[in-house]
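Breakdown of the fold
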Amino acid sequence: MTPPGSVLVLRFSAVGDVLLTAPALEALRLAWPGTRIVVAVKERLAHLLRHNPNVDEVLELRSGEGPLSFARRIRQQRPGAVLDLHNKIRSKLLRWQLPGVRAVVWRKRDFRDTLPVKLALRPYRASMRFTDRYHLAVEELVGRTLPRGTLRYFLGPQDREVADAALRAQGLDPQQPLLGISPGANWETKRWPAERFAGVARRALAAGVQVAVQGSNAEARLGQLIAREAPGAADLTGRLDLPGLGGFISRCTAFVANDSGPMHMARALGVPTLAIFGSTDPGMFDFAGHAMLFAGVECAPCSFFGRSRCPRGHFRCMLELTEQRAWDALAPLLRAGRRLPLSA
Ligand code: SF4
């Protein structure tokens, strides 16, 4: 395809899925350096893209904004092509409002996987990494094979200051070794027990490493539990906005998290990360330079994005991952993490 004047990329949510577009956006920029790249995303997640040099404009879907209003604003952009990395009803509706504009749509997984996994007839095994599927869509749009981009997150200029203020308010020194803990996840079966995160926190504190727990307001209970069971660990749940979250993670010597947006952010920032997987498939992501725990019980992964409870009742996919296994995987990451003093 002849490079158009502009490409509209659609990916409205969620944190991890938006962050994972970074390699595809880099590949697109390299393929068509003269093309303007506009990305449409939910307003509350716009910060994830605002400082990406491969994005010329972030088009924010305002909270409560209807599809007709947003489509009107999109038409004003006069995109020469659409790259739909969302592929849900919202993006389909928008594409229908752009007749005659070439659109390429990504597929999150193979169709033959969907029904048998939903019916619990067999576990899910991703046949391709998430970022590779995004990349394939870029290649289809451009019409040739392309070098792959890298997963990177670009902080805003104030993000570390925001995080440092939150750390200092809890008595922590941003320049000293720090373990970041993210015990939350959107779904219950993606959560390793908080008591085990607390055990890991105690071991890190005993090794002389500061510990801070991160999470949303809704995850405050997890932060309180860990701070209570690991005296000395700081509870930052509900205290960091999206810019502050990136600043905080970038200050960490190592990070431990479930399959969640903060886990992807940590990898994208190059912070050595231990990712803990239960009911979802770690095969969707790349853990080179990081560590990943997955028990591999016969029923796992039982879902594409997690469940509210274990359908078999035993929850072995998480409970078989002991605190000791996590510490054995995390300790080398802490040793390999940034040396003092941490540079700004
Ligand atoms: S233990 Fe339960 S939640 Fe975990 S993969 Fe098996 S069925 Fe799913």
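Residues numbered from 1 in each chain as written. Predicted model: local features only at pLDDT ≥ 70, side-chain atom pairs only at ≥ 80, totals over all residues. Heavy atoms only, no water.

1. As for the nonpolar core
For clarity, the threshold we go by: For the purposes of this section, nonpolar cores are sets of buried Ala, Val, Leu, Ile, Met, Phe, Trp, Tyr and Cys residues that join through side-chain atoms within 4.5 Å. Residue burial is assigned from relative accessible area. The probe radius is 1.4 Å, only protein chains are included, and a residue is buried under 20% of its type maximum, exposed over 50%, and partly exposed in between. By the criteria applied, helices consist of DSSP H or I runs no shorter than four residues and strands consist of E runs no shorter than two, each listed in order from the N terminus. Any two residues whose heavy atoms approach within 4.5 Å are treated as being in contact.
The biggest cluster of nonpolar side chains holds 104 residues, and the ones touching the most others in it are Leu 28, Leu 83, Leu 179, Phe 248, Leu 274 and Leu 330. Per-element accounting of this core gives the leading share, 7 residues, to helix H14 (residues 323-336). Other than its neighbours up to four places away in sequence, Leu 330 contacts Leu 179, Val 200, Ala 254, Phe 255, Val 256 and Leu 274. With 13 residues, the next largest nonpolar core counts Val 38, Ala 40, Leu 59 and Ile 74 among its residues.

2. Section: the pairing of strand E7 (residues 210-213)
Operational definition: Two strands pair if DSSP finds at least two bridges between them. A right-handed crossover is one whose linking path, passing over the helix from the first strand to the second, runs clockwise when the strands point away from the viewer.
Of the two faces of E7, the one holding Gln 210 and Ala 212 and the one holding Val 211 and Val 213 are both buried throughout. Bridge analysis of strand E6 (residues 178-182) against E7 gives 4 bridges, and the strand direction is parallel. Among the inter-strand pairings, Leu 178 is bridged to a residue of E7, identified as Gln 210. In this sheet, strand E8 (residues 234-235) lies alongside E7 in parallel orientation, the contact comprising 2 bridges. Bridge pairing in E8 places Val 213 opposite Asp 235. Following the backbone out of E7, through helix H10 (residues 220-229) and into the adjacent parallel E8, one traces a crossover that is right-handed.

3. Quick look at empty space enclosed by the protein
Stated formally: Using protein atoms alone on a 1 Å grid, points that fit a 1.4 Å probe yet trap it form a cavity, whereas open point sets bounded by protein on both sides within 12 Å along at least five of seven lines form a pocket; residues with an atom within 4 Å of a point count as lining. Grid points are joined across faces, edges and corners, and a volume is the space filled by probe spheres set on the points. Put simply, Ala, Val, Leu, Ile, Met, Phe, Trp, Tyr, Cys and Pro go in the nonpolar bin, Asp, Glu, Lys and Arg in the charged bin, and everything else, Gly too, in the polar bin.
Taken as a whole and assessed by the stated rule, the structure comprises 2 cavities of 30 Å³ or more. The space that makes up the largest cavity amounts to roughly 80 Å³. If you trace the largest cavity, you find 13 residues lining it, with Cys 299, Cys 302, Cys 310, Pro 311 and Cys 317 closest to the centre. Considering only residue class, the lining of the largest cavity consists of 7 nonpolar, 4 polar and 2 charged. Space inside the second largest cavity adds up to approximately 50 Å³.

4. Some thoughts on the layout of surface pockets
The calculated volume of the largest pocket comes to roughly 1,300 Å³. Together, 48 residues line the largest pocket, and Ala 14, Val 15, Gly 16, Asp 17 and Asn 186 are the ones closest to its centre. Elements with a contribution of two residues or more to the lining of the largest pocket: helix H1 (15-19), helix H6 (111-118), helix H11 (242-251) and helix H12 (261-268). Tallied by class, residues from the lining of the largest pocket come to 18 nonpolar, 15 polar and 15 charged. By volume, the second largest pocket is sized at about 310 Å³. With 4 residues, helix H7 (residues 130-142) is the single largest residue contributor to the lining of the second largest pocket. Grouping the amino acids of the lining of the second largest pocket by side-chain chemistry returns 8 nonpolar, 5 polar and 5 charged.

5. Topic: the packing of helix H8 (residues 159-169) against H11
Keep this limit in mind: Here, axes are lines fitted to C-alpha atoms. For helices the fit covers the stretch in contact, and angles between N-to-C directions go from 0 to 180 degrees. Any angle from 65 to 115 degrees is called roughly perpendicular, while one under 35 is roughly parallel, one over 145 is roughly antiparallel, and all others are oblique.
The contact between H8 and H11 brings their axes to 7 Å, and the two run at 75°. On the basis of the axis angle, H8 is roughly perpendicular to H11. Contact with H8, carried on its side by Asp 159, Arg 160, Val 162, Ala 163, Asp 164 and Leu 167, involves Pro 243, Gly 244, Gly 247, Phe 248, Ser 250 and Arg 251 of H11 and no other residues of that element. Grouping the constituent residues of the contact of H8 with H11 by class yields 5 nonpolar, 3 polar and 4 charged.

6. Things to note about the pattern of salt bridges
Two side chains bearing opposite charge may form a pair once their charged atoms approach each other closely. To keep it simple, the criterion reads: The rule for a salt bridge is simple: a side-chain nitrogen of Lys or Arg has to be within 4 Å of a carboxyl oxygen of Asp or Glu.
Summed over the entire model, instances satisfying the criterion amount to 16 salt bridges. For Arg 36, the salt bridge goes to Glu 57, with nearest N and O atoms at 2.6 Å. Remark: Glu 57 occurs in strand E3 (residues 57-61) and Arg 36 occurs in strand E2 (residues 36-42); sequence separation between them is 21 residues. For Arg 36, a relative accessible area of 35% puts it in the partly exposed group. Under the relative-accessibility criterion, Glu 57 is labelled partly exposed at 24%. Across the pair Arg 191 and Glu 219 runs a salt bridge whose closest N-O atoms are separated by 4.0 Å. Taken together, the residues span a long stretch of sequence, with Arg 191 in the loop between E6 and helix H9 (194-206) and Glu 219 in the loop between E7 and H10 at a distance of 28 residues. Exposure remark for Glu 219: the relative accessible area of 13% places this residue in the buried category. Among the ionic contacts, a cluster of salt bridges with common partners joins Arg 62, Glu 65 and Arg 73.

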